[in-house]
Amino acid sequence: MITRASETDEYIQTLDANRTVILTDHNVEQLVLPKFAALSPFRRICIAAGEASKCQETVNTILHQMHQLGMDRNSILIGLGGGVVTDLAGYCASIYMRGIKVIHIPTSLLAMVDAAIGGKTGINTAWGKNMVGTFHQPEAVLYKPEVLNTLPERHLKCGFVEAWKTFVMCKPNEWRELTFPLSEAQIADVAQTKLKLVEEDFREQNKRAWLNFGHTIGHAFEHLYHQSHHLLHGEAIAWGMLAEMYLFDANQDLLLFWENWVVNNIPKLPYTPLDKERILHLMQADKKSKDGTLHFALPYESGSAVVPQNVESVSSSLDRMWKKHLSKA
Ligand SMILES: NC(=O)c1ccc[n+]([C@@H]2O[C@H](COP(=O)([O-])OP(=O)(O)OC[C@H]3O[C@@H](n4cnc5c(N)ncnc54)[C@H](O)[C@@H]3O)[C@@H](O)[C@H]2O)c1
């Protein structure tokens, strides 16, 4: 359930401060928490900001602190932050004492339109992105669009990438209306669109898998470059969607729009053909690979679909992207 932004403070006031603990990161604690006066009575657990925190070590620290704070099966964990915090809050809540309630208060655009909605939780491992996780629906997703005032533009663009993906896959006649920066009404629209899909297919057996557009190749880019080149999740997905559009006969309007947007708004991918084998290997180990076959969610003109593709096609789409966009200095 997504509570309207106007109801966020009212909802927080109904929570019992003795039973509720906030999980947040240091940036959000400093820049955003003071904007939620209603959260001031709650105790909190604070982690380092950024993707590197989405790991088993941080999970161990959080679970230990949850125990030290006396949380029991009736306690509630609030994830206040971007997608890293909401993924971790959801995961820790889902495994602590076999599962307690979680509420998300997304503070990045990407978390408002995507990560906080739908109950997918997870952490990264040495062998891949989001390889350990659970499905655990939040009790509520609360938000205040005005907190985006402090979010750096680079992160706002990451949120736009996931929003655009949702519209392309679910509202193919409306993606042209979605331009950067998004209005508050558009943020609510994208969030509701994702929620509707999740309600139809919570466990991703069918249509929910459409939202993986760009993620089969994108997750491999992210795994390879996030530490070495500080590539952000949304940036990896932006290039992943472009590479995946080269896999099939994509609508030319769509391809040209995306090519142009990515080249003008997203840092260049540090890819070289020497990385290709590792990327193909990472994709084969991905959750979306079935019996060793790669699967891709693609926006066909006849409607979105998840289709198998062989490794050779993926290899040649990476070559085409290299020739067109990445080889030039
Ligand atoms: N569970 C899902 O369905 C799902 C979907 C999409 C993405 N994700 C995950 O989400 C993560 C990416 O999320 P993200 O892009 O929000 O990254 P993030 O959580 O790292 O947040 C981005 C940065 O912005 C800071 N920040 C957040 N809100 C702020 C604000 N209002 N003002 C100033 N700074 C602020 C954070 O401290 C962080 O440094 C990835 O790990 C990805 O896998 C999950």
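So, the site of the ligand
The immediate surroundings of the ligand are formed by 33 residues, with N27, G82, G83, V84 and S108 found nearest. Its residues placed into classes, the shell around the ligand shows 13 nonpolar, 13 polar and seven charged. Per-domain counts for the shell around the ligand show at least three residues from each of domain 1 (5-151) and domain 2 (154-326).

Quick look at the sheet that holds strand 7 (residues 140-141)
Spatial strand order, 2-1-3-4-7: five strands in an open sheet with parallel pairing. Strands at the two margins of the open sheet, each flanked by one partner only, are strand 2 (43-47) and strand 7. Each of strand 1 (20-25) and strand 2 is contacted by helix 3 (residues 56-68), which is oriented at about 165 degrees to strand 2, the strand it contacts most. Helix 4 (residues 83-95) rests against strand 1, strand 3 (76-81) and strand 4 (101-106) of the sheet, and its axis sits at about 165 degrees to strand 3.

Focus on the domain arrangement of the chain
As far as domains go, the chain holds domain 1 (5-151) and domain 2 (154-326). Computed from C-alpha coordinates alone, the two centres of domain 1 and domain 2 are separated by 25 Å. Contacts between domain 1 and domain 2 engage 18 residues on the former and 25 residues on the latter. If you list the elements that add at least two residues to the side of domain 1 that touches domain 2, you get helix 5 (109-115) and strand 6 (128-132). Ranked by residue count, the leading element in the side of domain 1 that touches domain 2 is helix 5, at five residues. Looking at the side of domain 1 that touches domain 2 residue by residue, the class counts come to 10 nonpolar, five polar and three charged.

Describing the pairing of strand 9 (residues 303-309)
Across a regular strand the side chains alternate sides, sitting on one face of the sheet and then on the other. Examined bridge by bridge, strand 8 (residues 294-300) and strand 9 share seven bridges and lie antiparallel to one another. Directly across from F296, in strand 9, lies its bridge partner V307. The turn joining strand 8 and strand 9, which pair antiparallel and follow one another in sequence, is formed by two residues.

Remarks on the packing of helix 11 (residues 276-284) against helix 12 (residues 311-326)
Interaxial distance between helix 11 and helix 12 falls to 11 Å at its minimum, and their mutual angle equals 135 degrees. Our classification of the angle between helix 11 and helix 12 gives oblique. Like other packed secondary-structure pairs, helix 11 and helix 12 cross with a definite hand, here right-handed. Across the interface between the two elements, K276, I279, L280 and M283 of helix 11 pack against V311, V314, S315 and L318 of helix 12.

Rules used throughout
- Residues numbered from 1 in each chain as written.
- Predicted model: local features only at pLDDT ≥ 70, side-chain atom pairs only at ≥ 80, totals over all residues.
- Near = placed C-beta within 6 Å.
- Nonpolar A, V, L, I, M, F, W, Y, C, P; charged D, E, K, R; others polar.
- Domains from an automatic or database assignment.
- Pairing = 2+ DSSP bridges.
- Helix = DSSP H or I, 4+ residues; strand = E, 2+ residues; numbered from the N terminus.
- Contact = placed C-beta atoms within 7 Å.
- Axes fitted to C-alpha atoms, helices over the stretch in contact; angles between N-to-C directions.
- Parallel < 35°, antiparallel > 145°, perpendicular 65-115°, else oblique.
- Left-handed = near helix turned anticlockwise from the far one by under 90°.

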